[in-house]
Amino acid sequence: MEARDILIRPMITERTTDLMAEGKYVFIVDKRANKIQIADAVKEVFDVKVEDVNTVNVKAKVKRRGRNVGKRAAYKKAIVKLAAGETIEFFTV
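This one's a predicted model, so the numbers in the text were calculated from it and none came from an experiment.

(A) Just the side chain of Lys 76, in detail. Tracing the backbone through its elements, the reader meets Lys 76 in strand E6 (residues 75-82). At 7.6 Å, Asp 30 is the nearest oppositely charged side chain to Lys 76, a buried residue that forms no salt bridge. A polar contact of 2.6 Å, which involves the side chain of Lys 76, links it to the backbone oxygen of Ala 33. Those residues in contact with Lys 76, other than ones at most four positions away along the chain, are Phe 27, Ile 28, Val 29, Asp 30, Lys 31, Ala 33, Thr 55, Val 56 and Asn 57.

Rendered as structure tokens:
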């Protein structure tokens, strides 16, 4: 898998912006990617030193609209901790 195929997009919420102050960045990643592949992809794309990677498989939620029942998509997210002094600029905070 290519590095651009592993990292789908950054997840930017209130909670993840608070984590950015600690040097942790959250990405939606390919479900088949492991921690080593995720770390290598972040190093290649953003040219930073990765210290640690934690992953979470988020299950699909059942959603209803009246009688109609459907599911949200399941996804995998990775919390990537960078070495001290390293940053990734998504947008200026």
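(B) Quick look at the side chain of Thr 16. Structurally, the position occupied by Thr 16 is in helix H2 (residues 14-20). Relative accessible area serves as the criterion here: at 6%, Thr 16 is assigned to the buried category. Discounting chain neighbours no more than four positions away, the residues touching Thr 16 are Met 11, Lys 24 and Val 26.

(C) Geometry of helix H3 (residues 35-46). Here H3 spans 16 Å end to end across twelve residues, near enough to the 16 Å set by a 1.5 Å rise per residue. Residues of H3 that are buried: Ile 38, Ala 39, Ala 41 and Val 42. Take H3 and look down its axis: the buried residues cluster within an arc of 160 degrees, on one side only. Of the exposed residues in H3, the ones pointing more than 90 degrees away from its buried face are Ile 36 and Glu 44. Of the surrounding secondary structure, the elements contacted by the buried residues of H3 are helix H1 (3-6), strand E1 (7-10), strand E2 (24-29), strand E3 (50-58) and E6. Of the residues one or two after H3, Asp 47 is the one with positive phi, at around 55 degrees.

Scoring rules and cut-offs
Residues numbered from 1 in each chain as written. Predicted model: local features only at pLDDT ≥ 70, side-chain atom pairs only at ≥ 80, totals over all residues. Heavy atoms only, no water. Helix = DSSP H or I, 4+ residues; strand = E, 2+ residues; numbered from the N terminus. Buried < 20%, exposed > 50% of the residue type's maximum accessible area, 1.4 Å probe, protein only. Lys, Arg positive; Asp, Glu negative; His and termini not counted. Salt bridge = Lys/Arg side-chain N within 4 Å of Asp/Glu carboxyl O. Polar contact = N/O pair within 3.5 Å; in protein donor to acceptor, adjacent residues only side chain to side chain. Contact = heavy atoms within 4.5 Å. Expected span 1.5 Å × (residues − 1). Arc of directions from axis to C-beta.

The quantities given are spatial measurements derived from coordinates; they are silent on function.
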